[in-house]
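What follows is each chain in one-letter form.
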Amino acid sequence: MQAADPASMDLRVLNKLLDVCKSSVFLSRDMAAFLGSIMSNLDFIWSRELPTAAVDGIHFWWNPEFFMSLDPDSRNTVLRHELWHVARLHMVRQGGRDPGDWNKACDHVINNDLKKEGAYMGGFPYLMDPQYDNMAEEDIYDHLQSLPTVPFNAFGPGSGLDMFPISQADKNKIVQTVVTAIQQAKMSGAGHVPGDITEMVEQFLKPVIPWQTVLQRWFSEMLEEDYTWAKPNRRFDDVYLPGRKLEMGRLENLRWYIDVSGSITMSHATRFKSELKFVKDTFRPEKLTVVQFDTKIQRKDTWEEDDEFERLEITGRGGTSLDCVHRDMLEEKPTAAIIFSDMECSPMDARGVEDIPVLWVRLGRRGHTPSFGDVVEIDENPCATSRNSALPQRPFFGSCFS
């Protein structure tokens, strides 16, 4: 925790009282693991450049005088309010909406929920109109847009609005923060995560690759060319006819290689898993093997057609080499292979694997272009969007005050 002017206020006292305030989040009955994880990922800063408190999804600012003016219950409420701005991805979801009305809409949702949870809501003119109870922020925003314009002082009378768009890179970090918090809550069993938040995160992590188009082409080509000699019926023991290894457009043995080298971040890994889950659930290969590699094969996990895919533990984080992938393909001879990598390594030798359909998924247009197989390029950012790409980098200051 940093201080704007330590000389004018005892920084040790501030930080001690802040720690007490933070501890209230971990003592909550239902959201300790979820909100606690989000809070632990924020950089807390003392600053007199804003009148009260604010977040942008990466940082949390407190005005020290404002903080000291609050009683402990009020501090706890303000802290939880700002954490919910991050948890509900408000700065990510804003898009091109008017900052003032969007901030109002978000505040109504958070404060109505906090009131229902029994949080202390006294002492401030909170935005928590009961007519908006159980409404989505976007719907509240649309209603507010239809009303006469009212100046919005984000932090109380005379303070002005502090709410701005954030960079695409920060959007990605915020989504990953919430993804991690959801995982922590599920693993710990401490409380739950609101269902609408899980749905929102899934929207941002929907697969970006047109798998239906890509794999359908594979299926068509392999249905035409990939035959195996087999007995079609026990009644005809002496008759052998060519039979297709693919039936009803399903892959018999799909091998999925994931680059887990040091250049791959957890956001990238989350993107890989999102694409993997989509293909597993949608196309239901008879056998799916996920192979994690850096300079060597680090881990192999196999799912049969009816196995549920929930989570994948990522290992590795060394350098990158495709030699181990080449050897694995030579040994296993999969029906098809998908290789996720940023390609920041030497090209892979094609000898011996020319007949295996390979789809390269290159991350961020970095590294080399493979000399064989099909190549799909996906954006560096796991929740990339074209909205507001030209907007400046400025923090989102979520406020609980009208």
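Residues numbered from 1 in each chain as written. Predicted model: local features only at pLDDT ≥ 70, side-chain atom pairs only at ≥ 80, totals over all residues. Heavy atoms only, no water.

A few points about unusual backbone geometry
At step 1: Even without being a glycine, leucine 89 presents a positive backbone phi close to 55°.
At step 2: Overall, the relative accessible area of 0% leaves leucine 89 in the buried class.
At step 3: For asparagine 134, which is not a glycine, the phi torsion comes out positive at approximately 70°. (Buried < 20%, exposed > 50% of the residue type's maximum accessible area, 1.4 Å probe, protein only.)

Remarks on the environment of arginine 93
At step 1: Relative to the helices and strands, arginine 93 resides in helix α5 (residues 90-93).
At step 2: Classification of arginine 93 by relative accessible area gives buried; the value is 8%.
At step 3: In this structure the side chain of arginine 93 is engaged in a polar contact, spanning 2.8 Å, whose partner is the side chain of glutamate 138. (Helix = DSSP H or I, 4+ residues; strand = E, 2+ residues; numbered from the N terminus. Polar contact = N/O pair within 3.5 Å; in protein donor to acceptor, adjacent residues only side chain to side chain.)

Comments concerning the sheet that holds strand β1 (residues 43-46)
At step 1: Strand order across the open sheet formed by 3 strands is β1-β3-β2, with mixed pairing between neighbours. Both edges of this open sheet fall to β1 and β2 (53-55), since each of them pairs with a single strand only. Adjacent strand axes in the sheet meet at a mean angle of 15°, parallel and antiparallel pairs treated alike.
At step 2: Inspection of the sheet shows β1 paired to strand β3 (residues 59-62) by 4 bridges, in the parallel sense. From the neighbouring strand, aspartate 43 faces β3, where its bridge partner is histidine 59.
At step 3: Strands in contact with helix α1 (residues 11-26) are β1 and β3; relative to β1, the strand with the most contacts, it is inclined by about 140°. (Pairing = 2+ DSSP bridges. Axes fitted to C-alpha atoms, helices over the stretch in contact; angles between N-to-C directions. Contact = heavy atoms within 4.5 Å.)

Some points on helix α7 (residues 137-145)
It helps to recall that an α-helix has 3.6 residues per turn; residues three or four apart then point in one direction.
At step 1: When α7 is considered as a whole, its buried residues turn out to be Glu137, Ile140, Tyr141 and Leu144. Taken down its axis, α7 places every buried residue within 105° of arc, on the same side. (Arc of directions from axis to C-beta.)

A word on the sheet that holds strand β7 (residues 287-293)
At step 1: Taken together, 6 strands build an open sheet; the order of strands is β8-β7-β6-β9-β10-β11 and the sheet is mixed. The sheet terminates laterally at β8 (297-304) and β11 (374-378), the two strands that pair on one side only. Strand-to-strand, the axes of this sheet are offset by a mean angle of 15°, without reference to chain direction.
At step 2: Across 5 bridges, strand β9 (residues 336-341) lies against strand β10 (residues 358-363) in parallel orientation. Following the sheet pairing, serine 341 is matched in β10 by arginine 362.
At step 3: Its contacts with the sheet put helix α12 (residues 323-332) on β6 (254-259), β7, β8, β9 and β10, and the angle it makes with β6 is roughly 170°.

Thoughts on the nonpolar core
At step 1: Ranked by size, the top nonpolar core spans 47 residues in total, and within it Phe34, Trp62, Leu79, Trp84, Leu89 and Ile197 carry the most contacts.
At step 2: Take this core: its biggest share by element is 7 residues, from helix α8 (residues 168-188).
At step 3: Those residues in contact with leucine 89 that lie beyond four places of it in its chain are Ile174, Val175, Val178, Met200, Val201 and Phe204.
At step 4: Leu251, Leu254, Val290 and Trp303 belong to the second-largest nonpolar core, a separate cluster that totals 24 residues. (Core = buried A, V, L, I, M, F, W, Y, C linked by side-chain atoms within 4.5 Å.)

Concerning the side chain of aspartate 56
At step 1: Examined against the element boundaries, aspartate 56 turns out to sit in the loop between β2 and β3.
At step 2: No salt bridge is formed by the buried aspartate 56; the nearest opposite charge belongs to lysine 173, separated by 9.4 Å. (Lys, Arg positive; Asp, Glu negative; His and termini not counted. Salt bridge = Lys/Arg side-chain N within 4 Å of Asp/Glu carboxyl O.)

Digging into the pattern of salt bridges
At step 1: Enumeration according to the criterion identifies 16 salt bridges in this entry.
At step 2: Residue glutamate 65 pairs with arginine 48 through a salt bridge whose shortest N-O separation is 2.9 Å. One end of the pair, glutamate 65, is in helix α3 (residues 64-69); the other, arginine 48, is in the loop between β1 and β2, with 17 residues separating them in the sequence.
At step 3: One salt-bridge network, held together by shared partners, links Arg88, Arg93, Glu137, Glu138 and Asp196.

Re the packing of aromatic side chains
What characterises a pair of aromatic rings is the spacing of the ring centres plus the angle enclosed by the ring planes.
At step 1: Throughout the structure, instances matching the rule amount to 9 aromatic pairs.
At step 2: Centre to centre, the rings of tryptophan 62 and phenylalanine 66 are 6.3 Å apart; their planes meet at 25°, and the pair counts as stacked.
At step 3: Between tryptophan 256 and phenylalanine 340, the aromatic rings sit 5.3 Å apart at their centres with planes inclined by 20°, giving stacked as the arrangement. Of the two residues, tryptophan 256 sits in strand β6 while phenylalanine 340 sits in strand β9, which places them 84 residues apart along the sequence.
At step 4: Assessed through its relative accessible area of 0%, phenylalanine 340 is described here as buried.
At step 5: Here the aromatic cluster, defined as three or more aromatic residues joined through ring pairs, consists of Phe44, Trp46, Phe60, Trp62, Phe66 and Phe67.
At step 6: Above the face of the phenylalanine 44 ring, lysine 22 is positioned so that its terminal group lies 4.1 Å from the ring centre.
At step 7: Geometry around tyrosine 141 places arginine 97 over its ring, the cationic atom sitting 5.7 Å from the centre. (Phe/Tyr/Trp six-rings, centres within 6.5 Å; stacked < 30°, edge-to-face > 60°. Lys NZ or Arg CZ within 6 Å of the ring centre and 35° of its normal.)

Here we look at the pairing of β9
In the case of a regular strand, side chains alternate between the two sheet surfaces.
At step 1: By the criterion of burial, β9 is predominantly enclosed, with 6 of the 6 residues buried.
At step 2: In the sheet, β6 pairs with β9 via 5 bridges, with the strands oriented parallel. Looking across to β9, one finds that isoleucine 258 is bridged to phenylalanine 340.

Section: the pairing of β7
At step 1: For β7, the tally of buried residues reaches 6 of 7 residues, placing the bulk of the element in the interior.
At step 2: Where β6 and β7 come together, 6 bridges link them in parallel fashion. Bridge assignment links tyrosine 257 to a residue of β7, and that residue is valine 291.
At step 3: As defined by bridge partners, β7 adjoins β8 across 7 bridges and the pair is classed as antiparallel. The partner of threonine 289 across the bridge, within β8, is threonine 302.
At step 4: Counting the residues between successive antiparallel strands, the hairpin from β7 to β8 contains 3 residues.

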